[in-house]
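Close look at the chain arrangement
Below are the chains, spelled out letter by letter.
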Amino acid sequence: MSATPSSPAPAAPSPQAAAAPSPQAPAAPSSQVPAFGPASAAVRRRSKAPTPRVLRLLWALCFAGAVFNLLMGVCGGLMRIGTLPPHLAAPNAWHGALMVCGVFGTLISLERAVAVRRRWGVIAPLGAAAGGLALLAGQVLLAWSLWALAAAALLALYVQTLRVRWTLHGGVEAAGAMAWGLGTAAAAVNAPPAASLLGWCAFLLLTIVGERRELSQFVRLGAGARWAFNASAGAAMAAVVIAWAAPRAATLLWWAACGALAVWLLARDFAPRQWGAPQWRGHVAQALTVGYVWLLVAAAAGLAGAVMDPAAPALDGSALHALLLGFVFAMVFGHAPIMLPALAGLTPGYVPWARAAVWVLAASLVLRICATQAGWPAGRALAGGGHAAALLLFAAALLTGIARREQRGS
Amino acid sequence: MTETEVRDALRGVIDPEIGESIVDLGLIERIEIDDAATPPRVALTLIMTSATCPMTDVIMDDAAAAIEKRWPTHDVDIAADLTIPWSPQRMTTDLRIRFGW
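No experiment lies behind these values; they were computed from the predicted model shown.

Conventions adopted
Residues numbered from 1 in each chain as written. Chains lettered and ligands numbered in written order. Predicted model: local features only at pLDDT ≥ 70, side-chain atom pairs only at ≥ 80, totals over all residues. Heavy atoms only, no water. Helix = DSSP H or I, 4+ residues; strand = E, 2+ residues; numbered from the N terminus. Rg over C-alpha atoms; globule rule 2.2 N^0.38 Å. Buried < 20%, exposed > 50% of the residue type's maximum accessible area, 1.4 Å probe, protein only. Areas by Shrake-Rupley, 256 points an atom, 1.4 Å probe, with all protein chains shown as cover. Lys, Arg positive; Asp, Glu negative; His and termini not counted. Charge placed at Lys NZ, Arg CZ, Asp CG, Glu CD. Phe/Tyr/Trp six-rings, centres within 6.5 Å; stacked < 30°, edge-to-face > 60°. Lys NZ or Arg CZ within 6 Å of the ring centre and 35° of its normal. Contact = heavy atoms within 4.5 Å. Salt bridge = Lys/Arg side-chain N within 4 Å of Asp/Glu carboxyl O.

Once that is clear, we can look at the overall build of chain B. On a plain count of helices and strands, chain B comes out with four helices and five strands. Written out in order from the N terminus, the α and β elements of chain B read α-β-β-α-β-β-α-β-α. A compact globule built from 101 residues should have a C-alpha radius of gyration of about 13 Å, and chain B, at 14 Å, falls within 12% of that. The buried share of chain B, taken over its 101 residues, is 68%. On chain B, roughly 3,400 Å² of surface is accessible, and the fraction owed to carbon and sulfur atoms is 52%. The distance from the centre of the 9 positive side-chain charges to the centre of the 19 negative ones in chain B is 6 Å.

Here it is, written out as structure tokens:
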């Protein structure tokens with residue numbers, strides 16, 4: 001067998017590639033290589049055997065749990081904002097916890113468990129999904145315990161990969177998992193509300209910016225840009241810790257960090273530069289860019305609220321929803337078409353009107369913020385309908401894309 | 001089958017998050033070809049920038065499909081070595097210029 005270390009580019013041979021150690025051993029026939037197990041820690045092999053049925057079933061169960069948490073969490077939000085009558089007490093009371101831990105905790109953990117391919121990794125998404133169900137059933141202590149377990153398992157998945165090779169983005173995402181655990185602990189011991197809110201928000205923010213930082217390594221970043229990212233992400237994590245003792249100072253630090261990260265993403269991430277790209281790439285670029293603008297809006301609203309009205313709740317509702325709805329859901333709308341093939345083996349065909357969901361969500365969020373400032377309950381209820389319409393529109397676009405691909409038989 | 005031919009076959013495999021070819025991005029670490037084996041065999045080692053991104057499996061599947069399409073009788077093995085860091089020197093000159101290096 002001829003074994004040739006591949007030169008990365010004929011025009012520019014890579015010293016790093018040339019110096020890179022040879023793979024540990026010639027690839028063994030895949031039939032002898034297990035898809036899961038210790039051998040995959042440093043070298044992951046493509047398995048020709050299907051993923052074990054039990055594991056696929058567990059993954060599907062986690063996804064179903066995330067969808068159920070999403071339905072309940074969205075219903076709770078729509079009841080709070082006045083779009084739906086407040087008939088269901090639990091989703092109404094636990095809207096935020098269900099959305100962050102039950103929905104995104106499950107989806108993020110599932111993504112990592114599928115990627116790292118450790119059997120025990122399924123504990124993270126299972127625990128996150130089950131925590132939401134426990135909360136809906138009134139088992140509050142059980143819910144906190146399950147989410148703490150899920151956060152610990154997610155952190156262990158990150159540690160597993162960071163032990164193989166340390167990466168900055170992996171460290172930032174691991175800090176996000178720690179923030180999830182801290183936020184859950186804060187909720188369990190009745191720490192100041194800002195401690196749990198910031199912990200949960202930091203879980204999502206650090207996971208997202210960690211992923212974007214990973215992709216930004218392809219683009220040349222100066223020392224200042226690298227330092228700015230590290231300082232901003234570090235400040236966000238510091239706010240999570242400080243919130244236990246000094247919620248007001250932590251809130252100011254948090255929104256300042258969000259603002260700095262938004263500016264960084266708008267200036268350094270390559271998504272805004274691909275705004276006019278065709279098909280899904282353009283969709284992703286537009287959704288992400290709109291999300292970064294929402295992160296900036298959240299930071300501005302949060303800082304303005306905290307500075308102008310020191311007696312207001314630690315985290316203003318408009319700023320919080322600009323962050324969790326405007327920013328986070330724009331990331332979901334942007335990443336879903338490229339993540340579905342990896343997570344579910346489904347490759348949606350391009351659907352141009354999927355982008356409309358991003359704009360319907362943005363328009364309804366503007367209406368929500370204006371109606372809140374104007375004290376106009378009917379406007380807020382209408383905005384809630386717009387949020388739900390955006391989610392349904394995007395779900396319909398993805399299903400349409402999948403159906404088109406199926407019809408083409410590809 | 002030569003290494004150059006395999007690289008050409010892989011040029012159409014796109015990293016879904018970057019929208020660029022895995023060859024141009026420098027994600028190919030090693031190509032091993034054994035034409036004397038029965039069936040003939042090719043083993044491809046990739047590197048990845050993240051060990052926690054499920055996109056690794058999609059890229060490995062796409063790479064296998066690209067090779068199998070051109071050499072249907074070959075046995076194709078794909079692995080991703082997660083210990084090797086990516087560096088900008090691995091990219092093609094054109095892509096480095098486009099990405100501001």
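Now that the structure is up, let's keep going.
This next bit is on the packing of aromatic side chains. Residues and elements named next belong to chain A. Enumeration over the complete set of coordinates arrives at 13 aromatic pairs over all chains. When the centroid spacing of 6.4 Å and the interplanar angle of 70° are considered together, the rings of phenylalanine 329 and phenylalanine 333 count as edge-to-face. Of this pair, phenylalanine 329 and phenylalanine 333 are both found in helix 12 (residues 317-344), four residues apart, which corresponds to roughly one turn of the helix. Taken together, the aromatic side chains of Trp94, Trp144, Trp147 and Trp200 make up a single cluster linked through ring pairs. Over the ring of phenylalanine 229 we find arginine 213; its NZ or CZ atom is 5.7 Å from the centre of that ring.

So, on to the environment of A:Ala383. Residues and elements named next belong to chain A. Along the chain, alanine 383 turns up in helix 14 (residues 377-408). Taking the relative accessible area as the measure of exposure, alanine 383 reaches 0% and is therefore buried. With 252 residues separating them along the chain, alanine 383 and glycine 131 place their C-alpha atoms 29 Å apart. Other than its neighbours up to four places away in sequence, alanine 383 contacts Ser364, Leu367 and Arg368.

To continue, consider the pattern of salt bridges. Under the counting rule described, the total for this entry stands at 11 salt bridges over all chains. We note a salt bridge from A:Glu111 to A:Arg112, for which the minimum N-O separation is 3.0 Å. For the residue pair A:Glu111 and A:Arg112, the accessibility class agrees, reading buried in each case. One salt bridge in this structure joins B:Arg90 and B:Glu29, with 2.8 Å as the shortest N-O distance. Taken together, the residues span a long stretch of sequence, with B:Arg90 in the loop between strand 5 (75-81) and helix 4 (93-98) and B:Glu29 in strand 3 (residues 28-34) at a distance of 61 residues. In this structure, B:Arg90 and B:Glu29 share a single accessibility class: buried. In this structure, a network of salt bridges that share partners links the residues A:Glu111, A:Arg112, A:Glu173 and A:Glu211.

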